[in-house]
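# Inside the fold
Listed below are the residues making up each chain.
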Amino acid sequence: MPIGCGAAGGGVATEAGRAPFKPWLGRRRRRLRMHPAGLAAAGTPRQPSKRRIPVSQPGMADPHQLFDDTSSAQSRAYGAPQGPSGLGYLTAPASPPAAFLSDPVSNMAMAYGSSLAAQGKELVDKNLKYYFAVDTLYVGKKLGLLFFPYLHQDWEVQYQQDTPVAPRFDVNAPDLYIPAMAFITYILVAGLALGTQDRFSPDLLGLQASSALAWLTLEVLAILFSLYLVTVNTDLTTIDLVAFLGYKYVGMIGGVLMGLLCGKIGYYLVLGWCCISIFVFMIRTLRLKILAEAAAEGVPVRGARNQLRMYLTMAVAAAQPLLMYWLTFHLVR
């Protein structure tokens, strides 16, 4: 075919062995290849993904949440009801009668606990706070009175408007600070004595503490029962008895410490002195409590009931040295 015919047919003359270059044909083919895909993308709906997404159910936490949401649980714990939509919005609280009828047992328990707490607070404010109203000067004077009661003359408890003054203003007033600290110190000194003898064990130390506490409780109960039998009208309270009976631990500490330093001879000397001192202290103190009427009149009443009161006073005072020896003799060797 002549070259001119080839050019007129729309081709381009090239070198031998090459195909004719037709740019418009390539663009058309590219458009034809892209057109079906575009039609498919435009006319065919996209299929949903088959990846499973965890759905949170009621009462379950969000799976994508790192920490639990405790706000709703806290509101439920405080008794705040939630709205009907379950979104955690608070509704108006129920009235007290309705709340009581909904859970009467728990409400009665709460009311009983509140009354006990109020009674306990009243007991602490009226009684225990008085017995711990001490200062350093009072403690020093009281310890001197326990070791040397023979030098003290005035044993009357001072009153102000029919109420005894605080212990820090009157050395004759009973307190619980010295008995409590003396009891704890006695247990520590007992542990020290057992340790120096290679006999220390927690069980043995617990037995020592429980034994001392059991004897103190038995003493208080025996004295209260005896006062009831002899029908004594006295202002001696149970806390007063605990305070007076707890003063013997001071002498017990001195005896055990002297026994650790000087042996049995020092133990018996110091403990004997402390036993005599606590006997005199208890006689002069309880005489004004148990024999209040006779002491107020200043005249000895020779009645059978007053003799029983005197015997009771002497029995309580005599029991202190016996218990002091019983609770300490095995600690010194």
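The structure reproduced in this document is the subject of the present report.

Here we take up the packing of helix α7 (residues 177-196) against helix α8 (residues 202-229). Taken N-terminus to C-terminus, the directions of α7 and α8 make an angle of 145°; their axes are 10 Å apart at the nearest point. Note on packing geometry: the crossing formed by α7 with α8 is right-handed. On α8, the residues that touch Phe183, Tyr186, Ile187, Ala190, Gly191 and Leu194 of α7 are Leu204, Leu205, Gln208, Ala209, Ala212 and Leu213. For the contact of α7 with α8, the per-class residue count stands at 10 nonpolar, 2 polar and no charged.

Before going further, it helps to spend a moment on the layout of surface pockets. The rolling of a water-molecule-sized probe over the atoms marks out the regions of remaining empty space. Roughly 270 Å³ of volume is contained in the second largest pocket. Looking at the second largest pocket, it is lined by 14 residues, and the ones nearest its centre are Tyr130, Tyr131, Pro164, Thr237 and Asp240. Of all the elements in the fold, those that place two or more residues in the lining of the second largest pocket are α5 (104-131) and α9 (238-246). It is α5 that contributes the most residues to the lining of the second largest pocket, 4 residues altogether. Within the lining of the second largest pocket, the residues separate by chemical class into 7 nonpolar, 3 polar and 4 charged.

Mapped onto the elements, Thr285 comes out in helix α10 (residues 248-290). For Thr285, a relative accessible area of 8% translates into the label buried. Engagement of the side chain of Thr285 in a polar contact is seen with the backbone oxygen of Phe281, the distance being 2.7 Å. Not counting the four nearest positions on each side in its chain, Thr285 is found in contact with Trp155 and Phe244.

Conventions used here
Residues numbered from 1 in each chain as written. Predicted model: local features only at pLDDT ≥ 70, side-chain atom pairs only at ≥ 80, totals over all residues. Heavy atoms only, no water. Axes fitted to C-alpha atoms, helices over the stretch in contact; angles between N-to-C directions. Helix = DSSP H or I, 4+ residues; strand = E, 2+ residues; numbered from the N terminus. Left-handed = near helix turned anticlockwise from the far one by under 90°. Contact = heavy atoms within 4.5 Å. Nonpolar A, V, L, I, M, F, W, Y, C, P; charged D, E, K, R; others polar. 1 Å grid on protein atoms, 1.4 Å probe; cavity = no way out; pocket = protein on both sides within 12 Å on 5 of 7 lines; lining within 4 Å. Points joined across faces, edges and corners; volume = space filled by probe spheres on them. Buried < 20%, exposed > 50% of the residue type's maximum accessible area, 1.4 Å probe, protein only. Polar contact = N/O pair within 3.5 Å; in protein donor to acceptor, adjacent residues only side chain to side chain.

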